[in-house]
Amino acid sequence: MTAKKNDVHIKTQIMELHPEVYDVSRITPNDARMSKKNFIHPDYLRKDFTVTPKRAFREACKHTTSRKSKILFICHNFPPRRYAGAQLYALHLAQEIARSNLAQVEVLYPVFDEQDTSVSITTDQFAGVTVHLLRKPKTGLTQQNYRNQALQGAITTFFAEGNYDAVHVHSLGGQLSGIPLEIAASAGIPIVLTLHDHWFLCYFWFLTTQDQQICSGPTSVNKCVECIICNSSSHHANTQNRELITHFVHNRNMYLSHVFHKANLRVAPSQFLASTYARYGFDGITVEPLGMQPQTPWAKTPSRTIRFGYIGRISHRKGIDILLDAYRSAIAESATPVTLRIFGEFDDPKLEKSTHQKIASIPTASYEGNYKPEDLPRIFSTIDVLVVPSLWENYPLVVQEAFMHKTPVIASDIGGFPEIIEHNQNGLLFRVGDIDALSASLLRVITEQDLLAKLAANILPVRSIAHDAAFYTQHYKRLICANHAPAWKPNSDAEPRCGLLTVQFYVYKNVHWPMFEQLFRVLSGSDRIREIVICLPDLLQLGSSPKEFVGMLGGLDATLVARPRVDVDYTFIADTIAGKVAGC
């Protein structure tokens, strides 16, 4: 598709997303620059078609007022089989939406049966939530890892019989692949995608290698091929199969990019995660931090000992070795009584054995076993500071859990940590992977008498899961209504918009920016604006001095994207449809 035709095609899509904005009375049959069939909603071509905004609103949402919307959560795992950040968040969000009577939520997740190669779905209940278990064999280093067509029949039938109004994907992974996104999009079901990891970019999920080296990103197919050959446990991952693995990586990248952009709303909990995805063309992501299930903190048990704690899954990626080495070094330099208590579940038997051996060699360190979410108030009452030495994190819920219990945090300066922890205010940050830097942070807590009290005093209230339930159900309703809405033109009785707005400027050429500049200044200073997005669909078509122009836009308080966002309230465009916007 040529650049010009692509521009027209994109603007067509924008008009279809915002039928209430465009004034078709200004489009004439003789308009040389615009075709009716390309730019006018088909319903507008019917001479007998008249609809008021209020009628349009009723028509679009009548099925949501007659019953609660039915939303399907999709996760790569779920309690009670796995208690981890993404899974617990999905559970708590489903429970809060149900408790608030905002929608009906069900959950689909896979379970594995090595003896049975068939695919089936069974239904159960967990913690008040209806869960559907997708029973399937495990997949490896094959196409099924990213596009498992063996699941297509079962999931297609399940979607149709479930009559879901929207699908909310929390995680997919190689056991689900991208096929649920593909099927939902084909069925016309609105899709919300909340990102918790880098799975769309990285076969190993977290942009870290198996030997715990941090990856700079999928800068080339060859780089990812070498990583898989060196680090995968699959018997297929060897130099003899290099050509097959190259084919696998290339097709995986292409397919997952395709289905990623099928999601109508894409959300990341941290700017770190959103920026990493955007760097590789996975853009149009809204940043929305995760809310927490409220818990009532217990009072700290009195102690003259400084009590460090580690809470969470225990793995190399979580930095348990770094913590134990740093703790050993810190206590060697101070006579102050201290302890280190470790809570969590191991994900590797070899690591479990070596960690127990290392703990046994440190008299004041102890392993306290696994825990359940309801144990957290008791656990946090027995520790003074939480240590999170992870090599990779997106938006670590354990930090928010600590803050909810008024416990300061020492964490590595990676991922989403700096977006939650303000160094020397509510916690301490140290250079990721640096044992000496972590040891120095531990020593500060040990030797600086008033430091813990100061950090605890600066901890602010934690965002609630109720906020997230309201945020997502508002978007479910918007997407569901848009999926059924007839076209209508604005007039005096238009339905008022509520809440903060996201607006987008579609800039095909830099000569159009002066038309937008004053409006941008007004909107950027408005307390009604949540986010301003600037879409640059084709850098080659921008015109003269594109580098300087993009640099100028980069200095503005706006999100730059390469593909138009569909989760916005208004999009402003120029060029071929100038003069066709209502009130222009």
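In this text the structure is predicted, and so the values were computed from the model without any measurement.

Novice: Which parts of the structure should I look at to understand the overall build of the protein chain?
Specialist: Within the protein chain one finds 20 helices and 18 strands. Of all 584 residues assigned to the protein chain, the portion counted as buried reaches 52%. For the protein chain, the accessible area works out to roughly 26,700 Å², and carbon and sulfur atoms hold 52% of it.

Novice: Just to check I follow, could you spell out the pairing of strand β16 (residues 529–535) for this structure?
Specialist: Each regular strand shows side chains that alternate between the opposite faces of the sheet. Across the seven residues that make up β16, a large majority, six, are buried. The pairing of strand β15 (residues 501–506) with β16 spans six bridges and is parallel. What sits directly across from T502, in β16, is E531. Note that the unit made of β15, helix α19 (residues 513–524) and β16 has a crossover that is right-handed. Following the backbone out of β16, through helix α20 (residues 546–554) and into the adjacent parallel strand β17 (residues 559–561), one traces a crossover that is right-handed.

Novice: Is there a simple way to think about empty space enclosed by the protein in this case?
Specialist: Using a probe with the size of a water molecule, rolled over the atoms, empty space left in the structure can be pinpointed. In this structure the tally under the stated criterion is two cavities of 30 Å³ or more. Approximately 180 Å³ is the volume found for the largest cavity. For the largest cavity, the lining is made up of 17 residues, of which L201, C202, Y203, C224 and C227 are closest to its centre. Put simply, the parts of the chain that give the lining of the largest cavity at least two residues each are α8 (221–231) and α9 (242–260). Class assignment for the residues of the lining of the largest cavity results in eleven nonpolar, four polar and two charged. The computed volume of the second largest cavity comes to approximately 70 Å³. Lining the second largest cavity are 13 residues, and of these H170, S171, L172, D197 and F200 lie nearest its centre. When its residues are assigned to classes, the lining of the second largest cavity shows seven nonpolar, five polar and one charged.

Definitions and limits used
- Residues numbered from 1 in each chain as written.
- Predicted model: local features only at pLDDT ≥ 70, side-chain atom pairs only at ≥ 80, totals over all residues.
- Heavy atoms only, no water.
- Helix = DSSP H or I, 4+ residues; strand = E, 2+ residues; numbered from the N terminus.
- Buried < 20%, exposed > 50% of the residue type's maximum accessible area, 1.4 Å probe, protein only.
- Areas by Shrake-Rupley, 256 points an atom, 1.4 Å probe, with all protein chains shown as cover.
- Pairing = 2+ DSSP bridges.
- Right-handed = clockwise from strand over helix to strand, strands pointing away.
- 1 Å grid on protein atoms, 1.4 Å probe; cavity = no way out; pocket = protein on both sides within 12 Å on 5 of 7 lines; lining within 4 Å.
- Points joined across faces, edges and corners; volume = space filled by probe spheres on them.
- Nonpolar A, V, L, I, M, F, W, Y, C, P; charged D, E, K, R; others polar.

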